[in-house]
Amino acid sequence: SDRAAGEPLCKEQNPKKAMVAWPILLGVLASGARGLVPASPSRPTSRVGAATLADAASDLTGQIPDCPATVWNADDITVAEAAKIKVPAECPVEWAAPTGSEGPAYFRQEREALMADLTKYGCVWLRGFELMRSEDGFRSFYEALELDPCLDPIHTSGLRAFASQPDAIYEEVNKQSLREHFIGLHQESTHKKTAKYGAFVCFQPATVRGGEFLIADAAKIVRDLDPEVLQRFIDKKIRISVSNLDMDFLAATGPLKEPLMEGARTLIDKLVAPKFDMDLEMIYGSDGKPYRLQAVEKTASPVNRHPETGLPLWFCNIHNHARYLRDNRPCNVPEVGMTEVYFGDLSPISTSDLDHINAVSQKHIAHIPMQPGDVLLCDNYRVLHGRDIFEGDRYHAVTWFGGSRSDRPTDADTSNSRPGDFLNKAINKFLVDSF
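Residues numbered from 1 in each chain as written. Predicted model: local features only at pLDDT ≥ 70, side-chain atom pairs only at ≥ 80, totals over all residues. Heavy atoms only, no water.

## Description of the nonpolar core
In this structure, Phe107, Leu126, Met132, Phe138, Phe141 and Leu376 are the most contacted members of the largest nonpolar core, which totals 55 residues. Beyond its immediate sequence surroundings of up to four residues, Leu126 is in contact with Trp95, Phe107, Leu114, Met132, Phe141, Gly373, Asp374, Val375 and Leu377. Membership of the second largest hydrophobic core comes to 39 residues, among which are Ala216, Ile240, Val303 and Phe315. (Core = buried A, V, L, I, M, F, W, Y, C linked by side-chain atoms within 4.5 Å. Buried < 20%, exposed > 50% of the residue type's maximum accessible area, 1.4 Å probe, protein only. Contact = heavy atoms within 4.5 Å.)

Next comes the structure, spelled out in structure tokens:
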């Protein structure tokens, strides 16, 4: 390794880039002009077989329901109950194609059994199916299972663009700029919104190496955490900072410093943060840097019950979001995008606790070398997911689901195309691509 002893893997970002990123971001968010962002080049998509798969499928652009609200049921979870959790050893459970040529009719016929396995194991690895090698086929697969697509809970973050918006398919984190960034375990959730299911599909694995998908059972993690550590987190809860804005230049503004700091905080809090729909609070100095303004989520429980089975789960994105863990593994996210996790009172979490959570999480990670057409169908409450670093070109994608089609409320909001899609494309273009 070229890394000096003790040097963190996540190196300090270029401060000039960090300084320009926030003005660009704020300008994009504050403007209502949709014409500012040119459409990104579309990836060639296969429409072979459309006559049999998707001719009758409607274009879902602007019609995808919002991500459903997070279902919280955490008040009575105890360490003793968590220690007694019994779940199957397998996660994911493999579901191999009988011949490989099975079409949508096969999944309609096997829907009940497949969904039962999803409930039991938390994740089903579908292998060897030709059907899901294209966007059309993947959509016909999830429609045969009667799954109802929804928006990503952080749709406006810009971290993922659509791979095929008419089919409600998001591109996974395949960007070359983030190929050396290890994505830790997390549920696709915020304090406010959580997708019920997710289906991750491989259209092309990394052409050189790496990029394996990571899956871990949240029930096993909460079961195996040290009782003292788990009790401390249950008692103190957590808050997650999702972004940093370094305002060090205000230190030289003399008597204008405090009003300028408060003005910036108020501007972002009132005009920008609400557009992310994440209930963010803008706070200075949480990490000891007095001029760093962080966007911090509400206090949340790190544990939760599964909304249907009642099983206690580790419902916490700390493995991905803790700064200490990010700083000590491959990470090339710019400072503006660095995250942090605090206890609910904004006190720091000890490195010993973080090391323990990391060790338990790593123990339960399954590395999945997905091949073209493979799908990981996940219960987004039950399992956490991540992605290893990679080299070469990689094309994985995902569709999120609010549940089954029969579960959708008759008054579900599908008016999601503005401003959500504008923000998604704008931030992806001006912020993510700039790094």
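## Regarding the sheet that holds strand E18 (residues 383–387)
One open sheet holds the 4 strands; their spatial order is E6-E18-E9-E16, and the pairing between them is antiparallel. For this open sheet the edge positions go to strand E6 (183–186) and strand E16 (366–368), each flanked by a neighbour on one side alone. For this sheet the average axis-to-axis angle between neighbouring strands, irrespective of direction, equals 20 degrees. Two elements, strand E9 (residues 213–217) and E18, share 5 bridges in a ladder whose sense is antiparallel. (Pairing = 2+ DSSP bridges. Helix = DSSP H or I, 4+ residues; strand = E, 2+ residues; numbered from the N terminus. Axes fitted to C-alpha atoms, helices over the stretch in contact; angles between N-to-C directions.)

## Some points on the packing of helix H7 (residues 227–236) against helix H11 (residues 351–363)
Between two packed helices, the angle of one axis relative to the other and the distance separating the axes together describe the packing. Where H7 meets H11, the closest approach of the two axes is 11 Å, and the angle between their N-to-C directions is 110 degrees. Taken together, H7 and H11 sit at an angle that is classed as roughly perpendicular. Classified by chirality, the crossing of H11 by H7 is left-handed. Residues Val229, Arg232 and Phe233 of H7 touch H11, and the partners they reach there are Asp353, His356 and Ile357. (Parallel < 35°, antiparallel > 145°, perpendicular 65-115°, else oblique. Left-handed = near helix turned anticlockwise from the far one by under 90°.)

## Observations regarding the confidence of the model for the chain
For residues with low pLDDT, the predicted coordinates do not support detailed interpretation. Residues at a pLDDT of 70 or more form 79% of the chain, whose mean pLDDT is 85. Confidence drops under a pLDDT of 50 for residues 1–42, and excluding neighbours within four residues, the segment shows 54 contacts in the predicted structure. Counted against residues more than four places away or in other chains, residues 44–55, with its pLDDT under 50, gives 17 contacts. (pLDDT = per-residue confidence, 0-100.)

## Describing the packing of helix H4 (residues 104–121) against helix H5 (residues 135–144)
Between H4 and H5, whose axes approach to 8 Å, the crossing angle comes to 25 degrees. Taken together, H4 and H5 sit at an angle that is classed as roughly parallel. Note that H4 runs across H5; the crossing there is right-handed. Between H4, through Pro104, Phe107, Arg108 and Arg111, and H5, the contact on the second element is made entirely by Ser140, Phe141 and Ala144.

## A closer look at the pattern of salt bridges
Counted under the stated rule, the structure contains 24 salt bridges. The residue Glu391 makes a salt bridge to Arg209 at a minimum N-O spacing of 2.9 Å. Placement of Glu391 in strand E19 (residues 390–391) and of Arg209 in strand E8 (residues 209–210) is noted, with a sequence separation of 182 residues between them. Looking at Glu391, the relative accessible area reads 33%, which means it is partly exposed. What makes Arg209 partly exposed here is its relative accessible area of 47%. In this structure, a network of salt bridges that share partners links the residues Asp246, Asp287, Arg292, Arg323, Asp327 and Glu335. (Salt bridge = Lys/Arg side-chain N within 4 Å of Asp/Glu carboxyl O.)

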